[in-house]
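Read off the chains here:
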Amino acid sequence: MTDTDMSCDDCRPMLEALVDDELAPEEAARVRTHVASCVECARTLESQKDLSRLLQDNLVHYDAPDVLKARIRSALSQSVESPQPNAAPPSRLRQRWIGLAAAGIAIAVASSATTLVVMRSTTTERTLASEVLTSHVRSLMPGHLVDVASNDQHNVKPWFNGKVALSPPVPRLDSLDFRLIGGRLDYVAGQAAAVVVYARRQHLIDVYAWPQPGSDVGASSRSSQGYNFVTWRSGDVEFWVVSDLNPRELSEFVGLYRGGVASR
Amino acid sequence: MEHVAQFEALILPHLDAAYTLARYLLRDEHDAQDVVQDAALRAFKHFAGFRGGDARAWFLTIVRNCCLTAQRQRGRRRMDSLSEDHDAVAVEPRGADALAIERSDRAAIERAVAALPIEYREVIVLREVEGLSYAEISEVAGVPIGTVMSRLSRARQRLASALGRSVKEAG
C-alpha cells in the first residue's frame, strides 16, 4: 500500500460501487483507506449504505401468484402438445366417435346457449367463480387432486356416500376421451362440495356439486384468469365445472356429462 | 418433451423475480400477470436461442421488454414520463421530524419508487430488490454499465430527496 492517496473527487464516484460490492478488491481497499481519513466521504458512504439498506428492507419482493404459475404451465403444455389450439383427440377411431357425438351435442349446446345468453352474473356468481377457481388451483398442487383415485365410476360414486349431502353423477365418458380421474371433497360457498375429476389430454376438469335448493337454471359459461367455467343448477344441486380446457371442448364435456346424468 | 422439462427447470424458478419486476414497472397486478405469462411463452419460443449463461438475466430481459411494450400499448394516460422531466408526483421537502416517520414508512418508500421515471425505477428494482450485478442489469436493460451506474446514482438521489434523506451527490 504505497500509493493509496486518493482525492475526494476520485473517491466520491466510487462510493456507490463500493456499497454495491462492484469494486475490485484493490480499488475497494483504496476507497476504504481514503474514507478512513475523510469525514466528508465517510458520511456520504454511510448515507449511501443507509439508503440501500432502507430500500432492501422495505421494497417487496413479490411471489408470482399460483394462478399465474398454473396458467403458464398449462399454456406451455398446450403449446408443445398441439401447434394449433383445439387439436383433435389422438385416435382416429375415437375421432369418428367424437364426430358423431359432437353433432348431437352441438345441437343441444347451441339450443341451450341461445336461451342462456343471460348470465346470472351477479356478485354472488363472481364470488363463487373465484372460490371455485381458488379451490381448483389448490387442487393442482401435488397431492391435492383427488381423495379417491379411480377410473371406475362404481368406486368413485359410492365414495361420496355419507361424506357430503348429495351423490354427484359420475357418468362414464372415457370412450369419448374424457377420462375419469377420481373424486374429492372440497369446501365451497360455505359448505362441503363433491368434486368429480375428469381429464382430457393433460387438462383436468373439476366438476363441483353441492346442494342448492331453487329452481333449475340452465348452463352458462364464463372465463376468468385463463380458466373456463360452466355452471348450472338442476334438481336442487348447483354444478360448477372449471378447467383450463378450451371453451369448445369444455362445453362438449358439459353436454356429455349432463347427457350422461340425464340418461342414468 | 425434455425441452419443456429443461425450460421449466431453468426458467420457471425465476417467475417470482419476473413478476416482481413487472409489478414495479407496470404498477398493476393484473397487467403484471398478463405480461409475465406472455414473456414466459415468448421465452419458451426462443428457448432454442438461449445458449446457456445467466438464465435469470436472459428471462428478465424478455420480461422487461414485454413490460415496455405493454406500457407503450397501454397508452400515455397511465404512463409516467419516459423523459427526464420532473415526476408527476411532486416531492415535498420534509423536515427533520418527518424524516423519522418516513424511515419506518414502507408505503412512503414504495410511493417514492413508484414515482421514479421508469428507466430509474428499473435499475433500482433490479439492484435493490432482485440483487443483480451491474453487468446483469446492463444486459437486462440493454445499456452500457456506465449508464447503469449513472442511472442508479440519479435514481438514488431522487429517492433520497423524496424520503427527506441527505445523500451527497456522488460525482
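Thresholds applied
Residues numbered from 1 in each chain as written. Chains lettered and ligands numbered in written order. Predicted model: local features only at pLDDT ≥ 70, side-chain atom pairs only at ≥ 80, totals over all residues. Heavy atoms only, no water. Helix = DSSP H or I, 4+ residues; strand = E, 2+ residues; numbered from the N terminus. Buried < 20%, exposed > 50% of the residue type's maximum accessible area, 1.4 Å probe, protein only. Contact = heavy atoms within 4.5 Å. Areas by Shrake-Rupley, 256 points an atom, 1.4 Å probe, with all protein chains shown as cover. pLDDT = per-residue confidence, 0-100. Pairing = 2+ DSSP bridges. Expected span 1.5 Å × (residues − 1). Polar contact = N/O pair within 3.5 Å; in protein donor to acceptor, adjacent residues only side chain to side chain. Core = buried A, V, L, I, M, F, W, Y, C linked by side-chain atoms within 4.5 Å. Phe/Tyr/Trp six-rings, centres within 6.5 Å; stacked < 30°, edge-to-face > 60°. Lys NZ or Arg CZ within 6 Å of the ring centre and 35° of its normal. Salt bridge = Lys/Arg side-chain N within 4 Å of Asp/Glu carboxyl O. Nonpolar A, V, L, I, M, F, W, Y, C, P; charged D, E, K, R; others polar.

It is worth spelling out the overall build of chain B at this point. Of regular secondary structure, chain B possesses nine helices and zero strands. For chain B, with 171 residues in total, the buried portion stands at 51%. When contacts within chain B are restricted to residue pairs at least 6 apart in sequence, those whose partners lie at least 24 apart make up 72%. Carbon and sulfur atoms make up 52% of the accessible area of chain B, which totals about 8,100 Å².

Below, the discussion takes up the overall build of chain A. Along its length, chain A carries eight helices and seven strands. Counted over contacts in chain A with a minimum sequence separation of 6, partners at least 24 positions apart contribute 61%.

As a note on interpretation, predicted positions should not be read in detail where pLDDT is low. Residue and element names in this part refer to chain B. Residues of chain B with pLDDT of at least 70 account for 77%, and the chain-wide mean is 81. Confidence over residues 77–94 falls short of pLDDT 50; this stretch has 30 contacts with residues more than four positions distant or in other chains. Across the interface, the model reports ipTM at 0.81; the global pTM reads 0.54.

Residue and element names in this part refer to chain A. Sheet architecture is open: seven strands sit in the order β1-β2-β3-β4-β7-β6-β5, paired in antiparallel fashion. Edge positions in the open sheet fall to β1 (148–149) and β5 (217–224), since each of these has one partner strand only. With seven bridges joining them, strand β6 (residues 227–234) and strand β7 (residues 237–243) adopt antiparallel strand pairing. Paired with Phe 229 across the strands is Val 242, a residue of β7.

All names here are of chain B. Under the 1.5 Å per step criterion, the end-to-end length of helix α4 (residues 55–73) is 27 Å for 19 residues, consistent within 8% with the ideal 27 Å. Of all the 19 residues making up α4, 14 are buried; the element is thus mostly covered by neighbouring parts of the structure. For α4, the N-terminal capping position is held by Asp 54, with its side-chain oxygen 3.1 Å away from the main-chain nitrogen of Arg 56.

Next up on the list: the nonpolar core. The biggest cluster of nonpolar side chains holds 79 residues, and the ones touching the most others in it are Val 31 of chain A together with Phe 59 of chain B. With eleven residues, the top contributor of residues to this core is α4 of chain B. Not counting chain neighbours up to four residues away, the residues in contact with Phe 59 of chain B comprise Ile 11, His 14, Leu 15, Ala 18, Ala 39, Ala 40 and Ala 43 of chain B. Judged by nonpolar contacts, the second largest core, of 29 residues, contains Leu 180, Val 207, Val 230 and Val 237 of chain A.

Here we come to the packing of aromatic side chains. Two descriptors summarise a pair of aromatic rings, namely the distance from one centre to the other and the angle between the planes of the rings. For the coordinates displayed, the defined rule picks out 16 aromatic pairs over all chains. Relative to Trp 58 of chain B, the ring of Phe 47 of chain B has its centre 6.2 Å away and its plane inclined at 55°; by these criteria the two rings are tilted. Here Phe 47 of chain B, found in the loop between α3 (29–45) and α4, pairs with Trp 58 of chain B, found in helix α4; they are eleven residues apart in sequence, far enough to count as distant. Just above the ring of Phe 178 of chain A sits the side chain of Arg 200 of chain A; from NZ or CZ to the centre is 4.0 Å. When the ring centre of Tyr 62 of chain A is taken as origin, the NZ or CZ atom of Arg 23 of chain B, which lies over that ring, is 4.0 Å away.

Below, the discussion takes up the interface of chain B and chain A. Taken together, the contacts link 45 residues of chain B with 33 residues of chain A. Taken together, chain B and chain A are joined by five salt bridges. For Asp 20 of chain A, the salt bridge is made with Arg 156 of chain B, and the minimal N-O distance between the two is 2.8 Å. Counting every contact that joins chain B to chain A gives 19 residue pairs in polar contact (both at pLDDT 80 or more). Secondary-structure elements contributing two or more residues to the side of chain B that touches chain A are α1 (2–11), α2 (15–26), α3, α6 (106–114), α7 (118–129) and α9 (145–162) of chain B. By residue class, the composition of the side of chain B that touches chain A is 24 nonpolar, seven polar and 14 charged.

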